[in-house]
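# Survey of secondary and tertiary structure
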2 protein chains.
Amino acid sequence: MEKILSVPTLADILATHEAIQPYIHRTPVMTSQSLDELSGARLFFKCENFQKIGAFKMRGAMSAALRLTDAEKAGGLATHSSGNHAQAVARAAKILNVPAYIVMPDNAPEVKQTGTRAYGAEIIFCKPTLEARETTLNEVVAKTGAAFIHPFDNYDVIAGQATSARELFEEGPLFDAVIAPIGGGGLMSGTALATHYLVPEARVYGAEPKAVDDAWRSKKSGHIELNTSTDTIADGLKTNLSEKTFDIINRLVNDIFTVSEEEIVNAMRLIWERMKIVVEPSCAVPFAAILANPGPFAGKKVGIILTGGNVDMAKLPFLGN
Amino acid sequence: MEKILSVPTLADILATHEAIQPYIHRTPVMTSQSLDELSGARLFFKCENFQKIGAFKMRGAMSAALRLTDAEKAGGLATHSSGNHAQAVARAAKILNVPAYIVMPDNAPEVKQTGTRAYGAEIIFCKPTLEARETTLNEVVAKTGAAFIHPFDNYDVIAGQATSARELFEEGPLFDAVIAPIGGGGLMSGTALATHYLVPEARVYGAEPKAVDDAWRSKKSGHIELNTSTDTIADGLKTNLSEKTFDIINRLVNDIFTVSEEEIVNAMRLIWERMKIVVEPSCAVPFAAILANPGPFAGKKVGIILTGGNVDMAKLPFLGN
């Protein structure tokens, strides 16, 4: 399979979906009468928390891994990630039968370290700054010859993330709107592209924590804005956009909502209590945005990507309520 | 539909299933590669945590409610329950458009009180003893003329609970064994009956907390033994067996396993972390039993009834790990 060198086309997304299918779950689409009543919308949750490695990241990592030449993958796979992309690259390397080198900030959640090691990857710790990540990654790549799979600034990865929305559209009704959380923007870009091609009449929304509202500010200013803090419970959404993801999001996302930490925890708790599923704080963000901004969603059929379910059970935010 | 006056037959179970289907979800059967590896068995989880009201109890309550005559149900429905059966009877009454009166111990979990009230039921609190429950219930019935739906000592209820295993058998492979938790024994009786009729070659196992091991002792002694404490996190399993459930369990259950509180919490955490679903402590008990007693399950295809998912998120047992 050829690498994707410009914004993925519909054909790119469909070919990617076919290629990665043996390595991913087709995750269920769940509905909840109780959350529909609460939100005033008709919600269709695409449950990527049930995906392999517990998150949608498996789609993008596998898409990129399958496009590497024999020479490129001979030295193994490498990436930097504090979370689900680490596990996804680790599992992709295991499938390709090559080593994986994961650069991780030394404050990465225990559950994600354990998950990454369980796939046989080697973890190289660094300080929790973007600069330290990149320097350490470059050292690892120089030393091992491993192929770097960027978590989102990579069209192969974006095409992989787009397959989640593609499956949602195959099973759901004709959607009025689709909403996804925005971290680095890989899932949002893929979701926006899939919607653009497959349900062009649907509105595309993004959601992110107020504490890391770089995408909201970027869309407003017209260029990439950076987060000055990373103080949010939604640990998957701390990253800034990249050139590739900003370009797609700027063109195809209709609006971005921001939500408070309290709104995130409340939405997460509602999903756990009413739907009986375990989701990460990051994927409660779109539902929190709908609850806080019911207007555009009232009576609408809305697709929501629930991104993952890798949560440290010893550090849940529900206590004291 | 006629009331069931002796041990439910296969025809009774099938007729019940058809009658209650409009009012229940067909819950999914989930598998987990990771938990299979951990247990050494091939596990098929029947996810009643996704059932209406969040637990299998909806099946039995609806089965009994649909069999009431117009005269019987005119005064409403009544029951005593600290938990899921309360919500089930409340919802059944709402469907029948009659009032519901629920006698509940004053220490019942907040989440279950809220759920019961949400269906429009009236809660009458009593002291948390079996005697207080029964006295209060009798008073309520005398005053209102409501029809009492016993949580388990009722063949209509048992036939309803049997429909969960029936669905499991329709979707799963040819099972070697089936395992369910034992509280009052309604689910266990129904599961044992369905297995006896539909997969007679499969072994039938029960599981309960060591702290409330009345069923284990009853099966050993040949008569109903009572619990002297109710000191377990598995709040759905504190009840003693009844005449009807003991009779069926004594004849059809091959063996009963008991597990410690630590084993229950560990099993519950594994289900949450690996399967990404919210389950009550009670329904982690069978999986805990398999982990603690791998011998009889090694390499076997095992059906597990996950009974419910109504958990108070403010009182989770995972902290400090």
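A brief look at the structure comes next. These figures come from a predicted structure and were not determined experimentally.

## Description of the overall build of chain A
Summing up its helical and strand segments, chain A has 13 helices and 10 strands in all. Evaluated residue by residue, chain A yields a buried proportion of 60% over its 321 residues. Expressed as a percentage of contacts within chain A between residues at least 6 apart in sequence, the contacts between residues at least 24 apart total 72%. When the accessible surface of chain A is summed, it comes to about 12,100 Å², and 49% of that surface belongs to carbon and sulfur atoms. With 31 positive and 36 negative side-chain charges, chain A shows a spacing of 3 Å between the two charge centroids.

## Describing the interface of chain A and chain B
Each side of the interface is counted separately: chain A has 22 residues, and chain B has 22 residues. At the surface where chain A touches chain B, the tally comes to 0 salt bridges. Among the elements that make up the side of chain A that touches chain B, the one with the highest residue count is helix H12 (residues 261–275) of chain A (4 residues). Residue classes in the side of chain A that touches chain B are distributed as 11 nonpolar, 6 polar and 5 charged.

## A word on helix H3 (residues 57–66) of chain A
Residues and elements named next belong to chain A. Among the 10 residues of H3, 9 are classified as buried, and the element is accordingly described as predominantly covered. If you check which residues of H3 are buried, you get Lys57, Met58, Arg59, Gly60, Ala61, Met62, Ser63, Ala64 and Ala65. Packing partners of the buried residues in H3 comprise helix H1 (10–20), strand E2 (42–47), strand E3 (77–80), helix H5 (84–96) and helix H8 (155–171).

## Here's the deal with the nonpolar core
Ile179, Trp272 and Ile277 of chain A together with Ile179, Trp272 and Ile277 of chain B are the most contacted members of the largest nonpolar core, which has 81 residues in total. Per-element tally for this core: the top contributor is H12 of chain A, with 8 residues. Setting aside chain neighbours within four positions, we find Ile179 of chain A in contact with Tyr205, Gly206, Ala207, Phe257, Pro286, Ala289, Ile290, Phe297, Val302, Gly303, Ile304 and Ile305 of chain A.

## Side note on the environment of Ser82 of chain A
All names here are of chain A. Note on placement: Ser82 falls in the loop between E3 and H5. Each C-alpha atom of the pair Ser82 and Phe125 lies 9.8 Å from the other, and the pair is 43 residues apart in sequence. Once residues lying within four places of it in the same chain are set aside, the contact partners of Ser82 are Met104, Pro105, Ala108, Pro109, Lys112 and Arg133.

## Section: the relation of the copies chain A and chain B
Superposition record for chain A on chain B: RMSD 0.0 Å, screw rotation 180 degrees, translation along axis 0.0 Å. The symmetry that links the two subunits is that of a two-fold axis. Among all residues of chain A, the minimum C-alpha distance to the rotation axis is found for Ile277 of chain A, at 2.1 Å. The share of interface residues of chain A whose copies in chain B are also at the interface is 100%, consistent with both copies meeting through the same surface.

Definitions and cut-offs
- Residues numbered from 1 in each chain as written.
- Chains lettered and ligands numbered in written order.
- Predicted model: local features only at pLDDT ≥ 70, side-chain atom pairs only at ≥ 80, totals over all residues.
- Heavy atoms only, no water.
- Helix = DSSP H or I, 4+ residues; strand = E, 2+ residues; numbered from the N terminus.
- Buried < 20%, exposed > 50% of the residue type's maximum accessible area, 1.4 Å probe, protein only.
- Contact = heavy atoms within 4.5 Å.
- Areas by Shrake-Rupley, 256 points an atom, 1.4 Å probe, with all protein chains shown as cover.
- Lys, Arg positive; Asp, Glu negative; His and termini not counted.
- Charge placed at Lys NZ, Arg CZ, Asp CG, Glu CD.
- Salt bridge = Lys/Arg side-chain N within 4 Å of Asp/Glu carboxyl O.
- Nonpolar A, V, L, I, M, F, W, Y, C, P; charged D, E, K, R; others polar.
- Core = buried A, V, L, I, M, F, W, Y, C linked by side-chain atoms within 4.5 Å.
- Least-squares fit on C-alpha atoms with pLDDT ≥ 70 in both.

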